[in-house]
Amino acid sequence: MTLSILYRGPLSSCNYGCRYCPFAKRRESREMLGEDERALARFVAWARRETHRRLSVFFTPWGEALTRRWYREAIVALSRELHVERVAIQTNLSAPLAFLDRADPSKVGLWCTYHPEWADRARFVAKIRELARRGISHSVGVVGMRRFLPVVEALRGELPEETYL
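These figures come from a predicted structure and were not determined experimentally.

Novice: Would you take a moment to explain the environment of Glu 85 for this structure?
Specialist: Examined against the element boundaries, Glu 85 turns out to sit in strand β3 (residues 84–91). Once the C-alpha coordinates of Glu 85 and Leu 3 are considered, the two residues, 82 residues apart in sequence, prove to be 9.8 Å apart. Each residue touching Glu 85, except ones within four places of it in the same chain, is listed here: Thr 2, Arg 54, Leu 55 and Lys 107. One polar contact links Glu 85 to Arg 54, side chain to side chain, over a distance of 3.0 Å.

This is the structure we're talking about:
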């Protein structure tokens with residue numbers, strides 16, 4: 001049996017400034033970020049000890065977590081554990097992807113959200129192609145506003161055919 005875990009720690013900030021989002025451009029104090037880092041470290045330590053069961057972990061933060069080193073390190077560490085089947089995260093892909101070189105690509109998944117008002121489409125597509133080249137499972141979502149439909153259609157034409165949108 002696999003225990004599937006949705007992890008949402010105290011992190012509640014994002015580097016994007018979407019008007020509709022309560023976490024947009026919110027800045028957390030060093031103390032708040034430290035609390036988030038410690039909470040994630042406790043969770044990772046617990047998950048690493050749970051060797052008597054299979055685990056699947058999906059990080060669903062309130063905001064963008066991959067801009068934080070400790071989330072990147074958690075993905076690497078958990079992907080290397082034999083009893084962890086999957087480790088995934090929701091991200092806007094604004095962070096560097098080099099950390100994935102140290103992760104087990106067969107266990108990592110990224111749910112990538114494209115924000116037309118905040119991300120350059122060509123850069124986003126290049127990162128998706130990089131994920132595909134690295135063998136990292138991924139899917140793409142787009143902020144669901146009717147005015148973005150032409151952007152969604154253009155994005156579909158630029159993404160690798162095998163990338164789910």
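Read on, since the account is not over.
Novice: Any chance you could explain the pattern of salt bridges here in plain terms?
Specialist: Pairing between side chains of opposite charge can happen when their charged atoms approach one another. Applying the stated criterion across every chain, the model contains 9 salt bridges. Its salt-bridge partner being Asp 101, residue Arg 134 comes within 2.2 Å of it at the nearest N-O pair. Of this pair, Arg 134 sits in helix α3 (residues 121–134) while Asp 101 sits in the loop between β3 and β4 (108–114); the two residues are 33 residues apart in sequence, bridging distant segments of the chain. Close ionic contact of Glu 158 with Arg 121 constitutes a salt bridge, the shortest N to O distance being 2.9 Å. You can see Glu 158 sitting in helix α4 (residues 149–158) and its partner Arg 121 sitting in helix α3, a full 37 residues away along the chain. Salt bridges linked by common partners bring Asp 101, Glu 130 and Arg 134 together as one network.

Novice: How do you make sense of the packing of α3 against α4 when you look at a structure like this?
Specialist: A pair of packed helices is captured by two measures, namely the crossing angle of their axes and the spacing between those axes. Packing of α3 against α4 leaves a shortest axis separation of 10 Å and a crossing angle of 40°. When the interaxial angle is binned, α3 and α4 end up oblique. Our pair here, α3 against α4, has a crossing hand that is right-handed. In this structure, α3 contributes Arg 121, Phe 124, Val 125 and Arg 129 to the contact, and α4 contributes Val 151, Ala 154, Leu 155 and Glu 158. Residues belonging to the contact of α3 with α4 are distributed by class as follows: 5 nonpolar, no polar and 3 charged.

Novice: Can you help me understand unusual backbone geometry in this one?
Specialist: It is generally the case that most residues other than glycine have a negative phi and that most peptide bonds are trans. Positioned with a positive phi, Leu 93 is a non-glycine residue whose angle comes to about 65°. By secondary structure assignment, the location of Leu 93 is in the loop between β3 and β4. Overall, the relative accessible area of 3% leaves Leu 93 in the buried class.

Basis of the calculations
- Residues numbered from 1 in each chain as written.
- Predicted model: local features only at pLDDT ≥ 70, side-chain atom pairs only at ≥ 80, totals over all residues.
- Heavy atoms only, no water.
- Helix = DSSP H or I, 4+ residues; strand = E, 2+ residues; numbered from the N terminus.
- Contact = heavy atoms within 4.5 Å.
- Polar contact = N/O pair within 3.5 Å; in protein donor to acceptor, adjacent residues only side chain to side chain.
- Salt bridge = Lys/Arg side-chain N within 4 Å of Asp/Glu carboxyl O.
- Axes fitted to C-alpha atoms, helices over the stretch in contact; angles between N-to-C directions.
- Parallel < 35°, antiparallel > 145°, perpendicular 65-115°, else oblique.
- Left-handed = near helix turned anticlockwise from the far one by under 90°.
- Nonpolar A, V, L, I, M, F, W, Y, C, P; charged D, E, K, R; others polar.
- Buried < 20%, exposed > 50% of the residue type's maximum accessible area, 1.4 Å probe, protein only.

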